[in-house]
Amino acid sequence: MHKTKHVIRRITEGSIAEELGMEPGDELLEIGGLTIEDIFDYQYLMQDEYIEVLIRKADGEEWLLEIDKEYDEDLGIEFENGLMDDYRSCHNKCIFCFIDQMPEGMRETLYFKDDDSRLSFLQGNYVTLTNMSDEDVERIIRYHLSPINISFQTTNPELRCMMLNNRFAGQALLQVRKLYEAGITMNGQIVLCKGVNDGAELERSIADLTAYLPHLESVSVVPVGLSKYRDGLYPLEPFTKEDAQEVLRCIHRWQDKIYPQYGLHFVHASDEWYVLAEEPLPEAERYDGYLQLENGVGMLRLLLTEFAEAMKMLEEQEQEQEQEQEQEQEQEQEQEQEQEQEQARVCYQGCASELSVVTGQLAYPFLQDMVRQLEERFPALQIHVYAITNEFFGERITVSGLLTGQDIIRQLQGRELGERILLPQNVLRSGEDYFLDDVTVGDVEKALQVKVDIVKSSGHDFVHAVLGC
């Protein structure tokens with residue numbers, strides 16, 4: 001059976017590993033006489049105060065190191081493979097899979113379908129449970145790995161088999177009971193497909209999943225994403241405004257039923273439903289602490305809330321400045337007073353007078369309103385807001401996280417852009433400076449001849465980025 005080698009990539013300066021002479025290129029073989037399968041075995045065994053570590057040096061020599069350390073103290077090792085094992089790919093053929101809807105010619109990593117419960121814990125990925133053995137479930141329970149994020153889609157076993165194109169998909173739901181009985185915290189999602197798992201099936205799924213409260217903390221309902229590359233795939237239709245309104249009625253009914261007993265709203269609609277239904281976003285309290293932001297649940301509400309907080313902070317700062325100026329008026333000359341007042345008045349608007357904010361179609365009306373408030377507050381600012389139509393994947397894809405560099409360049413050429421362009425951070429691959437189509441930030445700057453600033457999703461960061469401070 002193939003086993004991944006646990007090769008050390010980096011040693012932290014001043015760490016235990018460095019003191020013991022461990023080096024990049026060394027291979028970890030055992031801890032306490034036990035072979036290591038992955039990062040969870042490693043972290044679990046690292047908790048002991050005395051450990052014996054067997055490593056193999058680059059020349060083949062093996063060292064057995066006896067280590068006394070503090071409880072839970074790490075050795076200061078980074079491995080070439082962060083998971084310390086091969087990533088497990090998905091073997092389902094889901095009727096809604098977005099990766100199957102991508103064009104050819106993109107970088108290879110974008111076509112990898114992960115279905116690894118360990119990535120659920122480490123990175124928040126959602127898993128179908130179809131790729132988990134009984135041993136995998138027992139390891140989650142033994143190490144108490146949580147939260148685990150689960151893609152349910154439906155609790156109807158037969159329907160789940162059909163949607164995932166996996167005859168074991170219904171049986172895999174039995175694993176949820178084991179996790180629940182072990183007290184493992186879970187979050188769930190339902191990718192809703194029109195005419196498939198909506199309507200009565202959605203009602204059934206929500207009702208069934210309430211049996212796992214409170215360990216199942218939340219369930220998000222998100223509409224299936226439909227790109228223009230669906231030739232030969234299962235025929236799925238987009239949801240209408242009326243469909244979205246019915247989905248929201250169903251979710252709100254269940255929220256009102258569940259909250260009095262558990263203090264949780266439990267089931268949540270992603271932001272797309274409210275925009276499509278042309279209904280106002282829920283208040284912040286209904287999101288239960290924003291448990292599923294990465295799934296698009298409450299991102300817009302949180303953005304608006306943080307924006308309002310940032311604007312209030314600016315107002316309070318201005319009031320403090322005015323009070324200080326009033327106190328100084330008794331001691332300073334009239335000319336000096338006017339100069340200081342002018343400096344205080346422009347301190348948040350002196351860095352840039354004209355700029356552009358770029359986003360997807362989904363967030364466009366919300367950012368428009370935020371920009372209007374900023375311009376009213378700071379008249380010297382001129383801000384253009386541009387909604388990019390997703391021509392690469394198709395106009396039905398409205399989130400900013402799937403925008404491509406080529407669409408941004410094509411649709412902004414010839415527009416009034418000002419001195420800077422603000423782009424949301426989620427348009428880029430995490431930790432990198434390129435878009436899904438491998439266009440880089442530098443490519444955009446060169447093509448449009450304007451500086452690009454990448455802004456975090458926080459409303460506070462947005463305000464400070466606009467004001468240039």
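Our structure is the block above this text.
What comes next concerns the included structure. Position labels on residues start from 1 in each chain and follow its written sequence. Per-residue local features are limited, in this predicted model, to residues with pLDDT of at least 70; the limit for side-chain atom pairs, both in listing and counting, is 80 or more; totals at the level of whole chains, interfaces and linings are taken over all residues. The side-chain quantities take in all heavy atoms of the structure and omit both hydrogens and water.

**What about the overall build of the chain?**
No. 1: Counting from the N terminus, the helices are the DSSP runs of H or I reaching at least four residues and the strands are the DSSP runs of E reaching at least two. Helix and strand counts for the chain stand at 15 helices and 15 strands.
No. 2: Burial classes follow relative accessibility: with a 1.4 Å probe on protein chains only, a residue under 20% of its type's maximum area counts as buried, one over 50% as exposed, and anything between as partly exposed. Going through the 469 residues of the chain one by one, you find that 49% of them count as buried.
No. 3: Here the contacts in the chain between residues at least 6 apart in sequence split such that 70% fall between residues at least 24 apart.
No. 4: Just so you have it, the chain exposes about 23600 Å², and 46% of that area is on carbon and sulfur atoms. Contacts are assigned to residue pairs with any non-hydrogen atoms lying within 4.5 Å of each other. Per-residue and other accessible areas follow the Shrake-Rupley method at a 1.4 Å probe size, with only the shown protein chains counted as cover for residues.

**Quick word on a negative patch on the surface**
No. 1: On the surface, D48, E49, E66, D68 and E70 cluster together into a negatively charged patch.
No. 2: For E49, the position within the fold is in the loop between α2 (39–45) and β4 (50–56). To count toward a patch, a residue needs a relative accessible area over 30% and no salt bridge; like charges are then connected within 9 Å, while nonpolar side chains (Val, Leu, Ile, Met, Phe, Trp, Tyr) are connected within 5 Å. Any carboxyl oxygen of Asp or Glu within 4 Å of a side-chain nitrogen of Lys or Arg constitutes a salt bridge here. Charged residues are defined narrowly, with Lys and Arg counted positive, Asp and Glu counted negative, and His plus the chain ends left uncounted. To locate a charge, take NZ of a lysine, CZ of an arginine, CG of an aspartate or CD of a glutamate.

**Side note on the packing of aromatic side chains**
Aromatic ring pairs are defined here through the distance separating the ring centres and the angle between the ring planes.
No. 1: Pairing of aromatic rings covers Phe, Tyr and Trp, the last counted by its six-membered ring, and requires centre-to-centre distances within 6.5 Å; plane angles under 30 degrees mean stacked, over 60 mean edge-to-face, and any other angle means tilted. Tallied over the entire structure, the rule returns eight aromatic pairs.
No. 2: Here Y180 and Y212 contribute two aromatic rings whose centre-to-centre distance is 5.7 Å and whose plane-to-plane angle is 65°, an arrangement assigned as edge-to-face. Of the two residues, Y180 is situated in helix α6 (residues 174–181) and Y212 in the loop between α7 (200–209) and β10 (216–223); the sequence distance between them amounts to 32 residues.
No. 3: Classification of Y212 as buried rests on a relative accessible area of 14%.
No. 4: Plain terms: the ring middles of F239 and W273 are 4.9 Å apart, the flat faces sit at 70° to each other, and that makes the pair edge-to-face. Taken together, the residues F239 in the loop between β10 and α8 (241–262) and W273 in helix α9 (residues 271–277) connect sequence positions 34 residues apart. Considered together, F239 and W273 belong to a single accessibility category, that of buried residues.
No. 5: One aromatic cluster is present, formed by F98, F392 and F393 through successive ring pairs.
No. 6: For a Lys NZ or an Arg CZ to count as sitting over a ring, it must be within 6 Å of the ring centre and within 35 degrees of the ring normal. The lysine or arginine in question, R142, covers the ring of Y143, its NZ or CZ lying 5.0 Å from the ring centre.

**Remarks on the sheet that holds strand β12 (residues 354–360)**
No. 1: Read from one edge of the open sheet, four strands run β13-β12-β14-β15, paired in parallel fashion. Looking along the sheet, the strands with just one partner apiece sit at the ends: β13 (382–388) and β15 (451–455). The average angle at which neighbouring strand axes cross in this sheet is 25°, direction not considered.
No. 2: When DSSP finds two or more bridges between a pair of strands, those strands are recorded as paired. Two strands pair when backbone bridges link them, and strand β14 (residues 420–424) and β15 are joined in this way by five bridges, in the parallel orientation. Directly across from I421, in β15, lies its bridge partner V452.
No. 3: What counts as an axis is a line fitted to C-alpha atoms, over the stretch in contact for a helix, and the angles between N-to-C directions run from 0 to 180 degrees. Most of the contacts of helix α14 (residues 441–448) go to β15, to which it runs at about 140°, and overall it touches β14 and β15.

**Focus: the side chain of D288**
No. 1: Here D288 shows up in the loop between α9 and α10 (299–328).
No. 2: No salt bridge is formed by the buried D288; its nearest oppositely charged neighbour, R286, is found at 8.1 Å.
No. 3: Polar contact is defined as a pair of N or O atoms within 3.5 Å, subject to the rule that within protein one atom must be able to donate a hydrogen and the other to accept it, and that residues adjacent in sequence are counted only when both atoms are side-chain atoms. There is a polar contact of 2.7 Å between the side chain of D288 and the backbone nitrogen of H265.
No. 4: A distance of 3.4 Å separates polar atoms of two side chains, one belonging to D288 and the other to H268.
No. 5: Setting aside residues no more than four positions away along its own chain, D288 makes contact with L264, H265, F266 and H268.

**Let's talk about the packing of helix α12 (residues 364–377) against helix α15 (residues 459–467)**
No. 1: Two numbers describe how α12 lies on α15: the axes approach to 12 Å, and their chain directions differ by 50°. Overall, the two elements α12 and α15 adopt an arrangement that is oblique. Where α12 crosses over α15, the handedness of that crossing is right-handed. Every residue of α15 that contacts α12 at L367, M370, V371 and L374 is listed here: F462, V463, V466 and L467.
No. 2: Residue composition of the contact of α12 with α15, by class: eight nonpolar, no polar and no charged. For classification purposes, angles smaller than 35 degrees are called roughly parallel, those larger than 145 roughly antiparallel, those between 65 and 115 roughly perpendicular, and all remaining angles oblique. Note on convention: the crossing is left-handed when the near helix lies turned anticlockwise from the far helix by less than a right angle, right-handed when the turn is clockwise. Polar here means any residue outside two lists: the nonpolar Ala, Val, Leu, Ile, Met, Phe, Trp, Tyr, Cys and Pro, and the charged Asp, Glu, Lys and Arg; Gly therefore counts as polar.

**Some words on the environment of I140**
No. 1: Take I140: it is sitting in helix α4 (residues 134–143).
No. 2: Separated by 42 residues in sequence, I140 and A182 place their C-alpha atoms 9.5 Å apart.

**Quick word on α14**
No. 1: By the burial criterion, the buried members of α14 are V441, V444 and L448. What you see down the axis of α14 is that its buried residues fit within an arc of 60°, all on one side.
No. 2: Close packing links the buried residues of α14 with α13 (405–412), β14 and β15.
No. 3: Of the residues one or two after α14, Q449 is the one with positive phi, at around 55°. Each direction from the helix axis to a C-beta atom contributes to the arc, which is the arc of those directions.

**Thoughts on α6**
No. 1: Every buried residue of α6 is accounted for by Q175, V176 and L179. Across the axial projection of α6, the buried residues extend over an arc of 105°, all falling on one side. Relative to its buried face, α6 has exposed residues pointing more than 90 degrees away, namely L174 and E181.
No. 2: Next to the buried residues of α6 lie α4, β8 (148–151) and β9 (186–192).
No. 3: Looking one or two residues past α6, G183 carries a phi angle of roughly 75°, positive in sign.

**Concerning the pairing of β14**
No. 1: A large share of β14 lies buried, amounting to five of its five residues.
No. 2: Judged by which residues are buried, β14 turns out to be covered on both faces: R420, L422 and P424 on one side and I421 and L423 on the other are all buried.
No. 3: Pairing analysis gives two bridges linking β12 to β14, with the strands arranged parallel. What sits directly across from S356, in β14, is I421.
No. 4: The handedness of the β14 to β15 crossover, carried by α14, is right-handed. For crossovers, right-handed means that the path from the first strand over the helix to the second runs clockwise, given strands pointing away from the viewer.

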